[in-house]
Protein chains: 2
Amino acid sequence: MNIQLALDRLSIEEALSITKKVEPYIDWIEVGTSLIKEFGMESVRSLKEAFPHKTIVADSKTFDNAVYEFELCFAAGADVATVLGTAPLVSIEACMETAKRHGKQVMIDLLNTSEEQVKMCSQLEDAILCSHVSKDQQESGEDQGRLHVPSFSDQQVKIAVAGGISIDSFSEIATYSPHVVIIGSGITKAEDPALAAKTFYEMAKQQKENAHE
Amino acid sequence: MNIQLALDRLSIEEALSITKKVEPYIDWIEVGTSLIKEFGMESVRSLKEAFPHKTIVADSKTFDNAVYEFELCFAAGADVATVLGTAPLVSIEACMETAKRHGKQVMIDLLNTSEEQVKMCSQLEDAILCSHVSKDQQESGEDQGRLHVPSFSDQQVKIAVAGGISIDSFSEIATYSPHVVIIGSGITKAEDPALAAKTFYEMAKQQKENAHE
């Protein structure tokens, strides 16, 4: 289980500063869509330069122009880039091929996908499928509690989970052993981000130990 | 009918240079998703500063975090920002409210939407609905010829049409009198962009005259 720190609604300097504080307790660093749209690929480059040994996820939320956007992300230092599960299949497949060619990974954001789209995405080799309750859904309260880890018959599917994950909700999510647990404001807006990150880290460690007993 | 020049896969300097050449023949300027993701809001600011009297469309393709992203676009000088029709309705509604509060407009990209989503979007007051064949669909050849202008019983709905529009396909599209016709490589990749833009401009003018006869 990897803990992915999601950096959103921050300046690049704030993102670097907060990541430095929590670095020992996180595995993946997500350069959020809001940073990419505000600062462009400079945001991805800055985080990769500062943390070259971490897995950098560019949350590009690609929907079209897949090869071009994914190559931008990889050239800027991303190890993983994201595509929307609601995108045309031809774009998702182009993301998969581009990532494969560069030895990188694809995370597919399942937000607002149909069952058919989820099924199609789950058949793509090496994709990470991200079950996601969006910021706007969280803030509107309409999807509180809808966060769940999808189950796939194919055990090869790697799952990520995102959306308002707190110390309270983490332990339930961890029991499903997702490949990635994505945490944003649960760390970045905590009074003590390092303490919050350390708490998640220790809960994840405990869960891994339990799973191996 | 407004002609919207779509600027994609270009540096900011190239985008400024090409727009200067075609400025008299276009109405709206779209800062494409690829420019936003590569250069951030600097791309929107640069185009607005250079062409303050044109309508600037930020093709943000918002999918979540709607208020934050739309306020970024409007603060950078956009007059219109885009949201994906496949986004959760709560996000689309947040885009509509944010635009209204700023006296700006929303274009909803209908790419890969369900019939139900199109219906919901067509009920949103003042939205511009964009019928869109994507770059990846064009390049794969899977959707050649699928470009169409949706018809809505409510005549208040404003329509935009995008995707591989050429001088050959323009005249058929123009007969539907869309509010916006979006042209990218048909101008930017023409041997003589100014001549291509002038041709579209004169075809649009002719169509308007025919419509008033």
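This is a predicted model, so every value here is computed, not measured.

About the thresholds
Residues numbered from 1 in each chain as written. Chains lettered and ligands numbered in written order. Predicted model: local features only at pLDDT ≥ 70, side-chain atom pairs only at ≥ 80, totals over all residues. Heavy atoms only, no water. Least-squares fit on C-alpha atoms with pLDDT ≥ 70 in both. Contact = heavy atoms within 4.5 Å. Helix = DSSP H or I, 4+ residues; strand = E, 2+ residues; numbered from the N terminus. Buried < 20%, exposed > 50% of the residue type's maximum accessible area, 1.4 Å probe, protein only. Arc of directions from axis to C-beta. Pairing = 2+ DSSP bridges. Right-handed = clockwise from strand over helix to strand, strands pointing away.

## Regarding the relation of the copies chain A and chain B
Here is step 1: Note on the identical chains: chain A maps onto chain B by a rotation of 180 degrees and an axial translation of 0.0 Å, with an RMSD of 0.0 Å. Taken together, the turn and the small shift mark the pair as related by a two-fold rotation axis. Proximity to the rotation axis, assessed at the C-alpha, singles out Gly-40 of chain A in chain A; its C-alpha lies 2.0 Å from the axis.
Here is step 2: Interface overlap between copies: 100% of the residues of chain A at the interface are likewise at the interface in chain B, consistent with a symmetric, same-surface contact.

## Considering unusual backbone geometry
Here is step 1: Although it is not a glycine, Arg-9 of chain A sits at a positive phi angle of roughly 55 degrees.
Here is step 2: Along the chain, the position of Arg-9 of chain A falls in the loop between β1 (2-7) and α1 (12-22).
Here is step 3: One non-glycine residue with positive phi stands out, namely Ser-177 of chain B, at about 50 degrees.
Here is step 4: Here Ser-177 of chain B lies in the loop between α8 (167-174) and β8 (180-183).

## What about helix α6 (residues 115-122) of chain B?
Residue and element names in this part refer to chain B.
Here is step 1: Here α6 has its buried residues at Gln-117, Cys-121 and Ser-122. The buried residues of α6 occupy one face: seen down the axis, they fall within an arc of 135 degrees. Pointing more than 90 degrees away from the buried face of α6 are the exposed residues Glu-115, Glu-116 and Lys-119.
Here is step 2: Buried residues in α6 make contact with α5 (89-102), β5 (105-109) and β6 (128-132).

## Remarks on the pairing of strand β4 (residues 80-84) of chain A
Residues and elements named next belong to chain A.
Here is step 1: Within β4, five of the five residues are buried, which leaves the element mostly enclosed by the surrounding structure.
Here is step 2: By the alternation rule, side chains of β4 split into Val-80, Thr-82 and Leu-84 and Ala-81 and Val-83, which are all buried.
Here is step 3: Where strand β3 (residues 55-62) and β4 come together, three bridges link them in parallel fashion. When the bridges of β4 are listed, Thr-62 appears paired with Val-83.
Here is step 4: Taking the sense of rotation as the criterion, the β-α-β connection linking β3, helix α4 (residues 66-75) and β4 turns out right-handed.
Here is step 5: As paired elements, β4 and strand β5 (residues 105-109) share five bridges and run parallel to each other.

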